[in-house]
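# Close look at the chain arrangement
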Amino acid sequence: MTEAITAHELRDRVKRGDISAEEATRAALDRIEAVDGRLRAFLTVTPEAALDQARAVDAARRRGDRLGPLAGVPVAVKDNFCTEGVRTTCGSRILENFVPPYSGTAVRRLAEAGAVIIGKTNMDEFAMGSSNENSGFYPARNPWDLDRVPGGSSGGSAAAVAAGEAVVAFGSDTGGSVRQPASFCGVVGLKPTYGLVSRFGLVAFASSLDQIGPLTLDVTDSALALQAVAGHDPLDSTSARYDPPDYLAAIEGDVKGLRIGIPREYFGEGTEPAVEAAVRKAIEVLVGLGAKAEECSLPHTDHALSAYYIIAPAECSANLARYDGVRYGLRAAGAEDLADMYAKTRAQGFGAEVQRRIMLGTYALSSGYYDAYYLKAQKVRTLVRQDFERAFAKYDVLVAPTSPTVAFKLGERAENPLAMYLADVCTIPVNLAGLPGLSIPCGDDGGLPIGLQLIGRALDEATLLRTAHAYERAVGFTPRLAPADPAAGKGGRA
Ligand code: GLN
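Residues numbered from 1 in each chain as written. Predicted model: local features only at pLDDT ≥ 70, side-chain atom pairs only at ≥ 80, totals over all residues. Heavy atoms only, no water.

### Some remarks on the pattern of salt bridges
For side chains of opposite charge, pairing can occur when their charged atoms come near one another. As enumerated under the stated definition, the model contains 24 salt bridges in all. Among the ionic pairs, Asp 52 bridges to Arg 55, the shortest N-O distance being 3.3 Å. Here the residue Asp 52 and the residue Arg 55 both occupy positions in helix H3 (residues 47-63), the gap between them amounting to three residues, near one helical turn. With a relative accessible area of 48%, Asp 52 lands in the partly exposed category. Using a relative accessible area of 36% as the deciding quantity, one classes Arg 55 as partly exposed. Note that Glu 96 and Arg 93 form a salt bridge whose closest N and O atoms lie 3.0 Å from each other. Here Glu 96 falls in the partly exposed class, since its relative accessible area comes to 25%. Through salt bridges with shared partners, one network takes in Glu 22, Arg 26, Asp 52 and Arg 55. (Salt bridge = Lys/Arg side-chain N within 4 Å of Asp/Glu carboxyl O. Helix = DSSP H or I, 4+ residues; strand = E, 2+ residues; numbered from the N terminus. Buried < 20%, exposed > 50% of the residue type's maximum accessible area, 1.4 Å probe, protein only.)

So this is what it looks like as structure tokens:
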């Protein structure tokens, strides 16, 4: 793909027979061939399987079968989605050669919707990171400026969509990993309500926070992609017993009378002036459409980051205990005994950030420290959730930046974990509260995209999508592909 084509347009063209699913798939594969040597958004590309799936869609069309809502749409999934027969590394050396015997629910539902899975995208190892630099293989880059990071941890998914290597991609968001890279790459990223999309077959990082979400070129595609994967799944015990509404129908309304809260804590120190200006301008657009906006407060926001960096590592230390050299992936050679084999395998297989999180989490959960750290973090989590509950008694949507900054340079924060953690100050509270959050492009700073974050009530994705769609229409938004071209670096959108 060298021109921006959305999933809904492409699907309609496939249905009409203007383009075959095979042609659409070849176009995406060609684009990967042309740019991924520089962009590195993919860890695995599966051309044969993709072309087979595409031909099956074309055959179904010729037979006159009903085609699914994503018929013939090239879709990429983050490499922590289990895909039957296709390597699933989670961005980690420890799973470098792991081939799952099954596909997760989201992947199965995508296939049922007619999507063509073209490959697995690059990510920070086990989804821990905000820049893709923690990938155990190589960092993906930002297609608007190859010297900059695409964000993380779903940076490969965001870069792939922005550069036209995939029409839709999926990621996972534990503390911002769909929204923040969406913001950095100028695409739409949705983190649904915790429990709306099944986590069955998603490699676990922090199970009380992880949620699967789509990255797309526009809001209509976000609704379409969410619809394909949302809804109860008996295979995930945390999956909500809830019948999702028709999200595509829901995006059509207007925003007259919509009550918008602007949480002042989300414009704190470190927010770049260009980001704040773009977000405030976007709010003015919504006010111009008849929404009412006023400043509000989520007073415990300051503590959310600290609570997250106890809770997420604690859960990760438990979830990652399974990588022991016995059941999955890598087993280090030359061990003297069983304990030595565990130690060598985990020291060789996990990168520095993953090891740091496992140690932090194990410490926070250990006897004598549990009350001081883990229990206290859970109490803070409740306070953060209550802040949102109070706000949503008054407002329908909260609007804030997705990230306080635009995409930073590769290497700029790599040596400083705390600076890296700050990339998620505006997204993490939403995960702690289990709420839906949507990031949409709302401008740029010297060619680097800026994201607007809309936060909603639990299971009210419909209002977020409708608000975002109204914004898109008001500003006449048309998606453009990023060049992913070295010559386009240093600021200019070619
Ligand atoms: N950047 C955050 C972290 O490193 C969030 C990651 C995510 O959402 N998976 O934990």
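### Notes on the layout of surface pockets
Each pocket or cavity is described by its volume, and for the largest pocket that value is around 420 Å³. Considering the residues around the largest pocket, the lining is formed by 19 residues, among which Glu 269, Asp 302, Leu 305, Leu 422 and Val 425 are closest to the centre. Only helix H10 (301-319) and helix H14 (417-421) provide two or more residues apiece to the lining of the largest pocket. Counting residues per element, the lining of the largest pocket draws most heavily on H10, at six residues. Across the lining of the largest pocket, the residue classes tally to eleven nonpolar, five polar and three charged. (1 Å grid on protein atoms, 1.4 Å probe; cavity = no way out; pocket = protein on both sides within 12 Å on 5 of 7 lines; lining within 4 Å. Points joined across faces, edges and corners; volume = space filled by probe spheres on them. Nonpolar A, V, L, I, M, F, W, Y, C, P; charged D, E, K, R; others polar.)

### Focus: the packing of H10 against helix H12 (residues 352-365)
Where H10 meets H12, the closest approach of the two axes is 7 Å, and the angle between their N-to-C directions is 100°. When the axis of H10 is compared with that of H12, the two are roughly perpendicular. On the side of H10, the interface is formed by Tyr 309, Ile 310, Pro 313, Ala 314, Cys 316 and Ser 317, while H12 contributes Arg 357, Ile 358, Leu 360, Gly 361, Thr 362, Ala 364 and Leu 365. Within the contact of H10 with H12, the residues separate by chemical class into nine nonpolar, three polar and one charged. (Axes fitted to C-alpha atoms, helices over the stretch in contact; angles between N-to-C directions. Parallel < 35°, antiparallel > 145°, perpendicular 65-115°, else oblique. Contact = heavy atoms within 4.5 Å.)

### Let's talk about the site of the ligand
Taken together, 15 residues form the shell around the ligand, and within it Gly 175, Ser 177, Tyr 308, Arg 357 and Asp 424 come nearest. Measuring from an oxygen atom of the ligand, one finds a backbone N or O atom of Thr 174 at 2.7 Å. Here a nitrogen atom of the ligand sits 2.6 Å away from a polar atom, N or O, in the side chain of Asp 424. When the ligand is considered free in solution it has 290 Å² of accessible area, and contact with the protein chains removes 100% of it. Placement of the ligand is best described as lying within the largest cavity. Of the residues contributing to the shell around the ligand, the split by class is five nonpolar, seven polar and three charged. (Near = heavy atom within 4 Å. Polar contact = N/O pair within 3.5 Å; in protein donor to acceptor, adjacent residues only side chain to side chain. Areas by Shrake-Rupley, 256 points an atom, 1.4 Å probe, with all protein chains shown as cover. Sits in = over half its atoms within 2 Å of the grid points.)

### Some details on the nonpolar core
Residues Leu 110, Phe 126, Phe 170 and Phe 388 are the most contacted members of the largest nonpolar core, which totals 149 residues. In contact with Phe 388, other than residues within four places in its own chain, are Tyr 266, Leu 298, Leu 398, Pro 429, Val 430, Ala 433, Leu 435 and Ile 455. In this structure, Val 149, Ala 407, Met 420 and Ala 423 belong to the second largest nonpolar core, which totals six residues. (Core = buried A, V, L, I, M, F, W, Y, C linked by side-chain atoms within 4.5 Å.)

### Focus: the packing of aromatic side chains
A complete count under the given rule lists 14 aromatic pairs for this structure. An aromatic cluster is present here, built from Phe 98, Phe 126, Tyr 323, Tyr 328 and Phe 350 joined pairwise through their rings. One cation-aromatic arrangement involves Arg 280 over Phe 267; the distance from NZ or CZ to the ring centre is 4.3 Å. One Lys or Arg, Arg 413, reaches over the ring of Phe 408 and ends 4.1 Å from the middle of that ring. (Phe/Tyr/Trp six-rings, centres within 6.5 Å; stacked < 30°, edge-to-face > 60°. Lys NZ or Arg CZ within 6 Å of the ring centre and 35° of its normal.)

### Comments concerning helix H4 (residues 105-112)
Among all positions of H4, only Thr 105, Ala 106, Val 107, Arg 109 and Leu 110 are buried. Contact partners of the buried residues in H4: strand E2 (74-78), strand E3 (116-121), strand E4 (168-172), strand E6 (212-216) and helix H7 (219-229). Two residues or fewer after H4 comes Gly 114, characterised by a positive phi angle close to 95°.

### Examining the pairing of strand E7 (residues 259-263)
The buried count for E7 comes to four of five residues, which makes it a mostly enclosed element. Direction of pairing for E7 relative to strand E8 (residues 292-296): parallel, over a ladder of five bridges. Note that in E8 the partner of Arg 259 across the bridge is Lys 292. Examined bridge by bridge, E7 and strand E9 (residues 397-401) share two bridges and lie parallel to one another. The partner of Ile 260 across the bridge, within E9, is Val 397. (Pairing = 2+ DSSP bridges.)

### Brief notes about the packing of helix H9 (residues 273-288) against helix H16 (residues 461-475)
Packing of H9 against H16 brings their axes to within 10 Å, and their N-to-C directions diverge by 95°. For the element pair H9 / H16, the angle class is roughly perpendicular. Together, Ala 282, Val 285 and Leu 286 of H9 and Thr 467, Tyr 471, Ala 474 and Val 475 of H16 make up the contact between the two elements.

### Describing empty space enclosed by the protein
Taken as a whole and judged by the stated rule, the model has two cavities of 30 Å³ or more. Here the largest cavity is characterised by a volume of approximately 80 Å³. As for the largest cavity, its lining consists of 13 residues, and the residues nearest its centre are Gly 129, Ser 177, Tyr 308, Tyr 309 and Asp 424. Residue classes in the lining of the largest cavity are distributed as six nonpolar, five polar and two charged.

### Quick word on the environment of Leu 365
In this structure, Leu 365 sits in helix H12. C-alpha separation for the pair Leu 365 and Ala 314, spaced 51 residues apart in sequence, amounts to 6.3 Å. Leaving out residues up to four positions away in the same chain, Leu 365 has contacts with Ala 314, Ser 317, Tyr 370 and Tyr 374.

### Thoughts on the sheet that holds E6
Across the sheet, which stays open at both edges, the eleven strands sit in the order E1-E3-E2-E4-E6-E5-E10-E11-E9-E7-E8 with mixed pairing between neighbours. In this open sheet, the two edge strands, each paired with only one partner strand, are strand E1 (42-45) and E8. Recorded for the sheet is a direction-independent mean angle of 25° between the axes of neighbouring strands. As paired elements, E1 and E3 share three bridges and run antiparallel to each other. The partner of Thr 44 across the bridge, within E3, is Lys 120. Helix-sheet contacts for H7 involve E4, strand E5 (188-191), E6 and strand E10 (437-445), and the interaxial angle to E6 is about 150°.

So far we have only geometry, and geometry alone does not tell us how the molecule works.
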